[in-house]
Amino acid sequence: MSPATLSSIHALSASTLSDLDMAGTAVFAISGALVAARARQNLVTFAFFAAMTGVGGGTLRDLLIGAPVFWMHATAPLAVCLGIALLVWFTPHRCWPEGAIDWFDGLGLASYAVYGAAKATAYGIPWLPAAVMGVVTACMGGIIRDVLADLPSIVIRPELYVTAAALSAGLYVGLNGIGVTPVLAGAVAVTLGFALRGYAIVRKIDLPAYKR
């Protein structure tokens, strides 16, 4: 394979993973704005919830791995969050199906878990901390959203949530480690992580609680 072809593959991989970052930011922002809608908040609160939920996990990720905080060096992430806040604000609540928060949150969870693990790996973080960083990236936005809304945190509810993030992050790190291209590894990891979270939502699957 020629150097030019390899360069094109790496560029495509970087672009695809960057798209995952924007996708995770966007769908988490939707979940934050929907929580504000459910609580009948004002437009400023909509924007705040959308922004904090959308960029919260990525901010912690970048601080922990020593990377420039992504939304401080690009306009798009915050612009997407604020645009989504306006979109949800002007959309009648009946247009959002019951459970939309869970589904958007689940898609953001899988996307952000993969991107968090990928970015940590790119910054030289070993495989296990990189996988954990994917989980942290994926879960922190939902934690911030729930704290702001005074809701029980998603990570301490019995439903299967962190496990789905761990599956996505772990799969990406594992597949990437055995030589699978980042694009394919990311696609598989996002799909299976989101499928697990979706199955848990539909079937109401909880992890067993401590009973001793």
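None of the values given here were measured: they were computed from a predicted structure.

Criteria and thresholds
- Residues numbered from 1 in each chain as written.
- Predicted model: local features only at pLDDT ≥ 70, side-chain atom pairs only at ≥ 80, totals over all residues.
- Heavy atoms only, no water.
- UniProt positions renumbered as here; feature names shortened; annotations may be inferred.
- Helix = DSSP H or I, 4+ residues; strand = E, 2+ residues; numbered from the N terminus.
- Phe/Tyr/Trp six-rings, centres within 6.5 Å; stacked < 30°, edge-to-face > 60°.
- Buried < 20%, exposed > 50% of the residue type's maximum accessible area, 1.4 Å probe, protein only.
- Lys NZ or Arg CZ within 6 Å of the ring centre and 35° of its normal.
- pLDDT = per-residue confidence, 0-100.

1. Focus: the UniProt feature "domain: Glycine transporter" (unreviewed entry) in the protein chain
UniProt records the feature "domain: Glycine transporter" (unreviewed entry) at residues 20–91 and 103–175, using the numbering of this structure. Helix makes up 78% of residues 20–91 and strand 0%. Its end C-alpha atoms lie 25 Å apart.

2. Some points on the packing of aromatic side chains
Within this structure, the stated rule accounts for four aromatic pairs. Taking the centre distance of 5.7 Å and the plane angle of 55° together, the rings of Phe28 and Tyr112 count as tilted. Note that Phe28 is positioned in helix H1 (residues 3–38) and Tyr112 in helix H4 (residues 100–122), a separation of 84 residues in sequence. By the burial criterion, Phe28 is buried, and Tyr112 matches it. Ring centres 6.1 Å apart and planes at 75° place the aromatic pair Trp103 and Phe194 in the edge-to-face group. Here Phe194 lies in helix H7 (residues 182–203) and Trp103 lies in helix H4, a separation of 91 residues in the sequence. Given a relative accessible area of 26%, Phe194 falls into the partly exposed group. The lysine or arginine in question, Arg61, covers the ring of Phe70, its NZ or CZ lying 5.3 Å from the ring centre.

3. Observations regarding the confidence of the model for the protein chain
The predicted model of the protein chain has a mean per-residue pLDDT of 86, with 92% of residues at 70 or higher. Per-element confidence in the protein chain is highest for helix H6 (residues 162–177), whose mean pLDDT is 95, and lowest for H1, whose mean pLDDT is 69.

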